[in-house]
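Tertiary structure, described
Okay, here's what each chain looks like letter by letter:
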Amino acid sequence: MQNRPDEQIIKFLKKRHILSLCVSCDAKLLDLDELAFKNAGLCAPNPAQNIITHTNSCFYAYCEDLNALIIASSPRSAHIQIALQNPKICLNIALDTKIIGYIQGIQARADFFALSSLNQNSQKLCARAYFVRYPYAISLNPTLYILKLTWLKYTNNALKNKLIWQNII
């Protein structure tokens, strides 16, 4: 992999399993009458505010070969529909602790893709990464999505450092 993140970052990504996904798009691109948006507490925005924002927590697997995070979700969910309209997303992965010296986490930006939009080899790599991590999910036949990392900041208070990585094309 070209422009590989630091090993500390890769180790952290492999160890954790839940991310918080943040998405937004122009409200005009969505059918806000759909049940997924009502269940997410999203309705027609104030006319002065035409941007819809939403967040969701997802299990993920890290695909080191593509430097991407793989999630599974329903194509009808609000966060997936929004991300498909605006594939520039943000995410956060954090170690749950109250001890300041132990705080670790990643803030990141990524490009969002449906697995089906990738070439066959990349699809296999991503599916394998996800199903090795979550073998019970195979029977659920989930729809997989890719979060191709473009920028991230890793904080590790125990080591008193912050590492910033950016994909350079």
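Please refer to the structure placed before this passage.
To keep things clear, this report deals only with the structure shown in the data block. (Residues numbered from 1 in each chain as written. Predicted model: local features only at pLDDT ≥ 70, side-chain atom pairs only at ≥ 80, totals over all residues. Heavy atoms only, no water.)

Inspection of every chain in the model, using the stated rule, returns six aromatic pairs. Considering the side-chain rings of Tyr-130 and Phe-131, the 5.7 Å spacing of their centres and the 85° angle between planes classify their relative orientation as edge-to-face. Clustering of aromatic rings is evident, with ring pairs tying together Phe-59, Tyr-130, Phe-131, Tyr-134 and Tyr-136. When the ring centre of Trp-151 is taken as reference, the NZ or CZ atom of Arg-109 above it lies at 4.3 Å. (Phe/Tyr/Trp six-rings, centres within 6.5 Å; stacked < 30°, edge-to-face > 60°. Lys NZ or Arg CZ within 6 Å of the ring centre and 35° of its normal.)

Of all hydrophobic cores here, the largest spans 34 residues; its most connected members are Leu-69, Ile-71 and Leu-149. Looking at this core, the element that brings in the most residues is strand E6 (residues 144-156), giving five residues. The contacts of Ile-71, once residues within four sequence positions are left out, are Leu-19, Leu-21, Cys-58, Phe-59, Tyr-60, Ile-80, Phe-112, Tyr-130, Thr-143, Leu-144, Tyr-145 and Leu-147. One finds Leu-66, Leu-115, Cys-126 and Ala-129 within the second-largest nonpolar core, a separate group that totals 14 residues. (Core = buried A, V, L, I, M, F, W, Y, C linked by side-chain atoms within 4.5 Å. Buried < 20%, exposed > 50% of the residue type's maximum accessible area, 1.4 Å probe, protein only. Helix = DSSP H or I, 4+ residues; strand = E, 2+ residues; numbered from the N terminus. Contact = heavy atoms within 4.5 Å.)

Let's shift gears to the environment of Leu-125. Summarising the element assignment, Leu-125 is placed in helix H4 (residues 120-133). When its relative accessible area of 27% is taken as the criterion, Leu-125 is described as partly exposed. Sequence separation between Leu-125 and Leu-66 is 59 residues, and the spatial gap between their C-alpha atoms is 8.1 Å.

Further remarks concern the pairing of strand E1 (residues 18-26). Consecutive residues of a regular strand have side chains that alternate between opposite faces of the sheet. With nine bridges joining them, E1 and strand E2 (residues 51-63) adopt antiparallel strand pairing. Looking at the pairing, Cys-22 lines up with Thr-55 of E2. Strand direction decides the pairing type here: E1 and strand E4 (residues 88-94), joined by three bridges, are antiparallel. Residue Cys-22 lies in a different strand from E4, and its bridge partner there is Cys-90. (Pairing = 2+ DSSP bridges.)

This brings us to the side chain of Asp-111. Positionally, Asp-111 belongs in strand E5 (residues 104-114). In this structure the side chain of Asp-111 is engaged in a polar contact, spanning 2.7 Å, whose partner is the side chain of Lys-88. The contacts of Asp-111, once residues within four sequence positions are left out, are Pro-87, Lys-88, Ile-146, Leu-147, Lys-148 and Thr-150. (Polar contact = N/O pair within 3.5 Å; in protein donor to acceptor, adjacent residues only side chain to side chain.)

Pairing of E2 with strand E3 (residues 68-72) involves four bridges; the strand directions are antiparallel. In the sheet register, Tyr-60 faces E3, and the bridge partner there is Ile-71. Here E2 hands over to E3 after four residues, with Asn-67 in that stretch at a positive phi of 50°.

Tallied over the entire structure, the rule returns four salt bridges. In this structure, Glu-64 engages Arg-4 in a salt bridge whose closest nitrogen and oxygen atoms are separated by 2.6 Å. Remark: Arg-4 occurs in the segment before helix H1 (7-15) and Glu-64 occurs in the loop between E2 and E3; sequence separation between them is 60 residues. Here Glu-64 falls in the partly exposed class, since its relative accessible area comes to 21%. As a salt-bridge pair, Asp-111 and Lys-88 come within 2.7 Å of each other at their nearest N and O atoms. One end of the pair, Asp-111, is in strand E5; the other, Lys-88, is in strand E4, with 23 residues separating them in the sequence. For Lys-88, a relative accessible area of 56% corresponds to the exposed category. (Salt bridge = Lys/Arg side-chain N within 4 Å of Asp/Glu carboxyl O.)

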